[in-house]
Structures are given as structure tokens and as C-alpha cells.
Amino acid sequence: MGGFFGVVSKEDCVFDLFFGTDYHSHLGTRRAGLAVYDPENGFERAIHNIENAPFRTKFQSESNEMRGNMGIGCISDFEAQPILMRSHHGTFAITTIGKIIRGKTHFFEMSNGEINQTELVGAIINQKDNFIEGIRYAQQIVDGSLSMLILTPRGIYAARDRLGRTPIVIGKKEDAYCASFENFAYFNLGYKDVKELGPGEVVVMDAANGVKTLVEPGDQMKICTFLWVYYGYPSSSYEGLNVEKMRNQCGHLLAQRDDAK
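Residues numbered from 1 in each chain as written. Predicted model: local features only at pLDDT ≥ 70, side-chain atom pairs only at ≥ 80, totals over all residues. Heavy atoms only, no water.

**Q** Residue-level account of the overall build of the protein, with values.
**A** The number of helices and strands found in the protein is 7 helices and 15 strands. Its C-alpha atoms give the protein a radius of gyration of 18 Å, near enough to 18 Å, the size a compact globule of 261 residues would have. The buried share of the protein, taken over its 261 residues, is 51%. Intrachain contacts of the protein at a sequence separation of at least 6 include 60% that bridge at least 24 residues. Total accessible area on the protein stands at roughly 12600 Å², and carbon and sulfur atoms take up 47% of it. In the protein, which carries 27 positive and 32 negative side-chain charges, the distance between the mean positions of the two groups comes to 5 Å. (Helix = DSSP H or I, 4+ residues; strand = E, 2+ residues; numbered from the N terminus. Rg over C-alpha atoms; globule rule 2.2 N^0.38 Å. Buried < 20%, exposed > 50% of the residue type's maximum accessible area, 1.4 Å probe, protein only. Contact = heavy atoms within 4.5 Å. Areas by Shrake-Rupley, 256 points an atom, 1.4 Å probe, with all protein chains shown as cover. Lys, Arg positive; Asp, Glu negative; His and termini not counted. Charge placed at Lys NZ, Arg CZ, Asp CG, Glu CD.)

This is how it looks when you write it as C-alpha cells:
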């Protein structure tokens with residue numbers, strides 16, 4: 001699976017980014033990364049292997065040294081990300097969640113013999129004239145599931161999977177907004193719910209203007225039900241349904257089979 005967290009703030013955002021990303025550690029065990037943007041110093045990024053040490057241990061030094069008012073972070077079970085890309089859109093950082101079935105293309109191979117699907121998505125986006133067209137194009141042609149966060153000097157774009165297979169929720173507190181895979185991550189940091197993106201919905205957020213919807217949500221929903229069964233943290237909610245409550249209800253229904261003859 002994997003999880004991500006993005007934050008825009010009028011102040012330095014690294015504290016919220018560090019812990020917001022760390023709260024997704026139950027979703028991945030291989031790679032993790034942080035990318036921040038500061039108007040004076042530009043982009044800064046760090047990626048570590050977390051197979052043998054937890055996120056907090058690996059990124060403690062970076063959390064004390066990084067500075068920026070916008071940032072994205074991820075916990076990944078596959079590729080190293082976020083990645084930085086330079087294109088006709090300018091420089092941006094991108095992180096993705098999902099599973100892409102690879103077609104006829106070629107990219108640099110990772111050590112495990114696979115391609116970096118986040119690099120693939122970035123390359124698809126770069127084929128169009130602007131981010132909105134590029135994001136929609138990626139959502140349309142990808143065979144599989146795809147949700148993403150894109151960090152630019154203007155703000156963070158958040159785009160949910162075309163069929164809503166994986167979630168993105170938006171939170172808010174004074175002078176800051178965040179986008180998260182799981183809402184419990186930002187509750188611990190003092191944020192409150194704003195909205196849950198619908199299938200295929202695309203928004204952009206910055207601290208000055210808040211959250212603006214760029215692409216309206218679609219009407220087809222195929223969220224991954226395994227989020228409630230296995231992946232989700234007990235205090236998280238997806239589509240208004242709490243994970244722990246859903247698991248208890250499932251257990252209750254399964255227990256009814258004990259007396260079946």
C-alpha cells in the first residue's frame with residue numbers, strides 16, 4: 001500500500017510534515033521520503049530506506065535541518081519517493097499511491113527490477129501543457145489505481161484516484177492546510193476535517209487561499225474495501241465509516257456463523 005501527507009502553511013511546516021508522514025508508517029515498510037519548498041532556498045528532499053529502522057529514527061536529523069512552508073512526505077512499500085522533476089512546468093516534487101500495470105514503456109530500473117511508478121506518472125503529466133491537463137491525462141490512461149500529491153512553488157495539487165480506490169482527505173487549522181491518506185494523522189496535529197476528495201477530484205491548496213477544486217469529483221466509486229479490513233489505522237475513517245467500527249461489525253457478522261449447521 002503506502003501513505004502520504006502534504007501541508008501548506010504560512011509558517012514553517014516541517015514539524016507537521018514530519019509527524020503527519022510518520023503517522024502513516026503502518027502502511028509501508030520499505031522507503032520513505034520528505035520534500036519541502038522554501039521561497040528563498042527552493043526545494044529540498046530526503047529519502048531513506050526504512051526496512052531496518054523506523055521513520056522517526058531515519059529522518060530525525062532532516063526534520064531539524066529542513067525548512068519550508070510547503071511540503072509532501074510519503075511512506076512507500078515500493079519505489080523511492082517523492083521525486084523531484086524538472087520540466088516545462090518548472091521544478092516540482094511528486095508522490096503517488098496506487099498500483100500501475102505497466103504498458104509498453106521504459107525507464108531506469110530500480111534495484112528490485114521494477115520501474116519507479118512515480119517517475120512514470122511524472123513523465124505522463126509532463127506530456128501536457130499544464131498540471132491540470134497532465135493530471136487528468138494520467139488519471140485517464142493509467143491502468144490500475146493512482147492518487148497523487150504534487151508540490152510546486154505555487155501550492156500543492158492533490159488528485160484522488162479516478163475511481164476513488166485510495167482516499168485523500170483535507171484538514172485545516174489556523175494558517176495551515178493539509179492533505180492526508182488517513183484523517184487520524186492530522187487530528188493528532190490539531191487539524192480539523194475540511195472535506196474528503198471524491199473519485200477523480202483534483203484540488204490545489206496554499207496557505208493564503210485555502211483549498212480550490214480544479215476538477216469536480218466523478219460519480220463512480222470503487223474504494224478498496226481492504227482499507228477497513230486490514231490496512232487502515234483503527235481510529236481512521238474512510239467515506240465516513242470508522243475502521244474499528246467496521247471491523248467490529250464484520251466480526252459480529254462472522255460470529256453469527258458459529259451457530260450455523
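Structure shown, so let's carry the discussion forward.
**Q** Now, about the side chain of Glu 201: what can you tell me, with residues and values included?
**A** Looking at where Glu 201 falls in the secondary structure, it is placed in the loop between strand 11 (192–196) and strand 12 (202–206). Glu 201 sits in the buried class, given a relative accessible area of 3%. A distance of 2.8 Å separates a polar side-chain atom of Glu 201 from the backbone nitrogen of Gly 198. Glu 201 has contacts with Ala 158, Ala 159, Arg 160, Lys 195, Glu 196, Thr 213, Val 215, Glu 216 and Pro 217, leaving out every residue within four places of it along the chain. (Polar contact = N/O pair within 3.5 Å; in protein donor to acceptor, adjacent residues only side chain to side chain.)

**Q** Account for the confidence of the model for the protein, naming residues and giving values.
**A** On average, residues of the protein score 91 in pLDDT, and 94% of them reach the 70 mark or higher. Within the model, pLDDT remains below 50 along residues 103–113, and this stretch shows 16 contacts once partners closer than five positions in the same chain are excluded. (pLDDT = per-residue confidence, 0-100.)

**Q** For the sheet that holds strand 6 (residues 90–100), give the residues involved together with the corresponding values.
**A** Working definition: the strands of a sheet are paired by backbone hydrogen bonds and lie parallel or antiparallel to each other. As summarised here, the arrangement of the 6 strands in space is 5-6-7-8-12-13, forming an open sheet in which the pairing is antiparallel. With partners counted over all chains shown, the strands left at the sheet margins are strand 5 (83–87) and strand 13 (210–215), one partner each. Put simply, the sheet's adjacent strands are angled 25 degrees from each other on average, direction ignored. Bridging between strand 6 and strand 7 (residues 144–152) involves 8 bridges; their strand directions are antiparallel. Across the sheet, Ile 94 pairs through a bridge with Ile 150, a residue of strand 7. Packed on one face of the sheet, helix 4 (residues 131–141) meets strand 6, strand 7, strand 8 (155–159), strand 12 and strand 13 and runs near 160 degrees to strand 7. (Pairing = 2+ DSSP bridges. Axes fitted to C-alpha atoms, helices over the stretch in contact; angles between N-to-C directions.)

**Q** Any details on the sheet that holds strand 9 (residues 169–173)? Residues and values, ideally.
**A** The strand order across the open sheet built from 7 strands is 3-2-4-1-10-9-11, with neighbouring strands paired in antiparallel fashion. At either end of the open sheet lies a strand with only one pairing partner, and these are strand 3 (42–49) and strand 11. Direction aside, the axes of adjacent strands within the sheet are offset by 15 degrees on average. The strands that helix 2 (residues 55–65) touches are strand 2 (31–38), strand 3 and strand 4 (70–76); relative to strand 3, the one it contacts most, it runs at about 150 degrees.

**Q** An account of the pattern of salt bridges is needed here, citing residue identities and associated values.
**A** Enumeration according to the criterion identifies 7 salt bridges in this entry. The partner of Glu 51 in a salt bridge is Arg 31, with the nearest N and O atoms 3.7 Å apart. Residue Glu 51 is found in the loop between strand 3 and helix 2, and its partner Arg 31 is found in strand 2; the two are separated by 20 residues along the sequence. Taking the relative accessible area as the measure of exposure, Glu 51 reaches 45% and is therefore partly exposed. Taking the shortest distance from any N to any O, the salt bridge between Glu 201 and Lys 195 comes out at 2.5 Å. Looking at Lys 195, the relative accessible area reads 28%, which means it is partly exposed. (Salt bridge = Lys/Arg side-chain N within 4 Å of Asp/Glu carboxyl O.)

**Q** I'd like to hear about helix 2, residue by residue, with values.
**A** Among the residues of helix 2, those classed as buried are Phe 55, Phe 59, Glu 62 and Ser 63. The arc enclosing the buried residues of helix 2, seen along the axis, measures out at 105 degrees, which places them on a common side. The outward face of helix 2, more than 90 degrees from its buried face, is lined by the exposed residues Thr 57 and Glu 65. Close packing links the buried residues of helix 2 with helix 1 (14–22), strand 2, strand 3 and strand 4. (Arc of directions from axis to C-beta.)

**Q** Talk me through the nonpolar core; I want residue IDs and the actual numbers.
**A** Membership of the largest hydrophobic core comes to 27 residues, with the highest contact counts inside it found for Phe 4, Ile 72, Leu 151, Ala 158, Ala 179, Phe 181 and Tyr 238. If you tally residues by element for this core, the top one is strand 4, at 3 residues. Not counting chain neighbours up to four residues away, the residues in contact with Leu 151 comprise Ala 35, Val 36, Tyr 37, Phe 43, Met 70, Gly 71, Ile 72, Phe 92, Ala 93 and Ile 156. Phe 19, Ala 46, Ala 176 and Cys 178 belong to the second-largest nonpolar core, a separate cluster that totals 23 residues. (Core = buried A, V, L, I, M, F, W, Y, C linked by side-chain atoms within 4.5 Å.)

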